[in-house]
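Each chain is listed here by its residues.
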Amino acid sequence: MPKIKSIVSKHLYIIGFVMALFIVLMAAGVQIFREQQNNRFETEKIFTQVQRVLDENSRELEMTRAEYSEQCLDNAETIAYIIQNNPKVLNSIDTLKHIADITNVDEIHLFNEEGVIFNGTHPQYYDMSVNDGEQIGFFKKMLQDKSLKLVQPLSPNTAEKKYIQYSAVWSPNGKFFVQVGMAQQNVQKVTKKNELPYIFSLLRANSNINLYAVDKKSGKILGSTQEGKTGKNLSEIGISHKNALSDSNGFYAVVDEQLCFCMFADCGDNFIGRVVTVRDLYSNVQMIVIISAIGSIIIILIMLTVIKHFINKEVITEISTINNKLAEISEGNLDEKVDVSNCLEFSELSEHINEMISALLASTAKISYILDKVDVQIGVYEYNEKMKSVRFTEKVPKILSLDDEQMQVFSYDYVRFKQYIQSHIFDVVSPDENIFRLHGETEKYIKYEEINSNNDILGIVMDITAEYVRRRQLEINCEIDPLTGLLNRRGLASCFESLFDCPDKLGQGALVMLDADGLKQINDELGHEAGDAYLKSISEILSSFNSQNCISARYGGDEFILFFHNLENDSQVDEYLQKLSDIRREKRAEVAPNHIVPINFSFGASFLSDTLEPAALIKNADEKMYNNKRRRKQQM
């Protein structure tokens, strides 16, 4: 008999599939590595080119700014000389504007020795002083030193916020100083050449490769070769600002719904990045993978066809046989036997399955035997939703009141068994403890619980009638006053708890607090037995009020409570209180042989219309009762 190991060894050609897959993955991995290295080289070359252009443009910008500053000062000195030697030009703004055109400046402003503009090409600036703004305040220091010649960096002017470069010099006679403003077209042109967007426009990139200039702090895109991206944040296009700052070796990100490989590098206060789509980056990899995969698939298909034939013949067919047998067993046919012996392993598996079934049947019998021997009415049943039969111990029929015919039917149909249990439960007695009362001529209580584990249902039923009845009797005894037979304080609290759960359903009513008058005198003169008889007589009076709308209780000592509820109106309460008063006048009690005394008690009532809090009702009624007792004593 061959072993399954020897059968599987015939199909080791599947290793060829693994090897082919390994070769494809290795070829793809090597090509991916090469493409990434090439991409890094190209990216670093572009970054170097950008930095070189930036350096050259920076040098050009510094030279242009220096030349422009000299020109500004020369123009200011020329204008100051002209005005000092020909003061009449101050009488004509047109003449000043003509001088501005000749000297190639945009604005002329004349400041007096107090730093106030008194003349110039722009009358709207007259009377402004060096104290009127940050930009104009730059020239305040000239008031302290008339030898100064100042050139201000390009900045927005005070009035219109236009970017102009201003310079200022004192006239030769020191009576005024001239400020001229020049728009820096040349400086702006060179500055624009030093901006990353302008540089990107000079670099060639295909539609799948894009360059970005990004602010380090904010992650805002300052320039891009891709239209519409400037001004956005990196995160808006799908690139992590954190990765761009820290991952210099490159990282992957989804940009414009395309997976891309991104590399970023520092560039002064900014950093620049090159983003290429994975599809473009690994275009050669795809071709290599396709060619390798096609060759491997042809080999694998041939091998799998051969292996499939042998597996179907030697393994799958036998496994199907075992599965069919197990399906019959799971449906409750425990008499079914598994017999598959085309190899040693299947033969051993069949033996173990058969032994397991035998052990399962034996375990059920043992559990039933043990439960029958103990003096506990407990039964266990089990079924699975995939099988129709039900297995149960011998006490289940007795506990659930099933006859032989019912058990015969239920043992082969779990659906009907489950329906019977659900319909046979008459009332839920204690949901927390799973205690139920069953249908039947006699009162019967069971504890019933089902445990569902992956559709395997284990049910436990226990007859707890005697135990439950004893427990209920004990609970009742704990809530009854042994002397009077009325509810004690605990019983009253239990009733209040259930009634005041729904205060809206209490309706009209009142709580009456009563106190037995003269009890101490009876105890002192006739003994405590006479006092007990006196209290019993009062309790009999209160019991006469008991109905669906009234609860009577001994609250403690010589204090009693009547609680009326669900009445139509308060006038009914008044009728009950009048009845109490009448009884108090008429009733007598024999507290000892040949010794009859009048029944006296004081009482006070608190109405539900005043409050729905039990504690407040008792307190209010108690106060009224004591007021009634005081009045009665005063009348005696």
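Please refer to the structure placed before this passage.
Rules behind the numbers
Residues numbered from 1 in each chain as written. Predicted model: local features only at pLDDT ≥ 70, side-chain atom pairs only at ≥ 80, totals over all residues. Heavy atoms only, no water. Pairing = 2+ DSSP bridges. Helix = DSSP H or I, 4+ residues; strand = E, 2+ residues; numbered from the N terminus. Axes fitted to C-alpha atoms, helices over the stretch in contact; angles between N-to-C directions. Core = buried A, V, L, I, M, F, W, Y, C linked by side-chain atoms within 4.5 Å. Buried < 20%, exposed > 50% of the residue type's maximum accessible area, 1.4 Å probe, protein only. Contact = heavy atoms within 4.5 Å. Phe/Tyr/Trp six-rings, centres within 6.5 Å; stacked < 30°, edge-to-face > 60°. Lys NZ or Arg CZ within 6 Å of the ring centre and 35° of its normal. Disulfide = S-S within 2.5 Å. Polar contact = N/O pair within 3.5 Å; in protein donor to acceptor, adjacent residues only side chain to side chain. Patch = residues over 30% accessible without salt bridge, like charges linked within 9 Å, V, L, I, M, F, W, Y side chains within 5 Å. Areas by Shrake-Rupley, 256 points an atom, 1.4 Å probe, with all protein chains shown as cover. Salt bridge = Lys/Arg side-chain N within 4 Å of Asp/Glu carboxyl O. Nonpolar A, V, L, I, M, F, W, Y, C, P; charged D, E, K, R; others polar.

*Asks:* Tell me about the sheet that holds strand E8 (residues 221-224), and please be specific about residues and values.
*Replies:* Taken in spatial order, the five strands make up an open sheet running E8-E7-E11-E10-E9, and their pairing is antiparallel. The strands lining the two open edges of the sheet, one partner per strand, are E8 and strand E9 (251-255). For this sheet, the mean angle separating the axes of adjacent strands, direction not counted, is 35°. With three bridges connecting them, strand E7 (residues 209-215) and E8 associate as antiparallel partners. Paired with Val214 across the two strands is Ile221, which belongs to E8.

*Asks:* Describe the nonpolar core, naming the residues involved and giving the relevant values.
*Replies:* Core analysis: the largest hydrophobic core is formed by 31 residues, its most contacted members being Val512, Leu514, Tyr534, Leu542, Phe545, Leu562 and Leu580. Sorting the residues of this core by element identifies strand E18 (508-516), helix H15 (519-526), helix H16 (528-543), strand E20 (559-567), helix H17 (570-586), strand E21 (588-592) and strand E23 (601-607) as the ones contributing at least two each. Tallying contributions element by element places H16 first for this core, with six residues. Aside from chain neighbours lying at most four places away, what touches Val512 is Phe560, Ile561, Leu562, Phe564, Leu577, Leu580, Phe603, Gly604 and Ala605.

*Asks:* Account for the packing of aromatic side chains, with residues named and values stated.
*Replies:* Per the counting criterion, the structure on display carries twelve aromatic pairs. With a centroid separation of 5.4 Å and 80° between ring planes, the pair formed by Phe496 and Phe500 is classed as edge-to-face. Here the two residues Phe496 and Phe500 agree in accessibility, since each one is buried. Relative to Phe603, the ring of Phe601 lies with its centre 6.2 Å away and its plane at 45°, an arrangement referred to as tilted. Accessibility expressed as a relative area gives 2% for Phe601, which makes it buried. By way of ring pairs, the aromatic residues Phe111, Trp170 and Phe177 are connected into one cluster. Of note, Arg489 hangs over the ring of Tyr555, and the distance from its end group to the ring centre comes to 3.9 Å. When the ring centre of Phe601 is taken as origin, the NZ or CZ atom of Arg584, which lies over that ring, is 5.8 Å away.

*Asks:* Which residues make up the state of the cysteines, and what are the values?
*Replies:* Applying the stated criterion to the full structure yields zero disulfides. Its sulfur unpaired, Cys262 is 6.0 Å from the next cysteine sulfur, which belongs to Cys260. Here Cys262 falls in the buried class, since its relative accessible area comes to 0%.

*Asks:* Residues and numbers for the side chain of Arg632, please.
*Replies:* By the element assignment, Arg632 lies in helix H18 (residues 614-635). Within the local environment of Arg632, its side chain forms a polar contact with the side chain of Ser602, the two groups lying 3.4 Å apart.

*Asks:* Tell me about a nonpolar patch on the surface, and name the residues and values.
*Replies:* Residues Ile14, Ile15, Met19, Phe22, Ile23, Met26 and Val30 make up a contiguous nonpolar surface patch of about 670 Å² in total accessible area. Tracing the sequence through the fold places Ile14 in helix H2 (residues 14-85).

*Asks:* Kindly report on the packing of H15 against H16, identifying the contributing residues and their values.
*Replies:* Relative placement of two packed helices is described by the angle separating their axes and the distance separating the axes. At a closest axis distance of 7 Å, the pairing of H15 and H16 adopts a crossing angle of 145°. Contacts from Leu519, Ile522, Asn523 and Leu526 in H15 reach His528, Ala530, Gly531, Tyr534 and Leu535 in H16. The residue makeup of the contact of H15 with H16, split by class, is six nonpolar, three polar and no charged.

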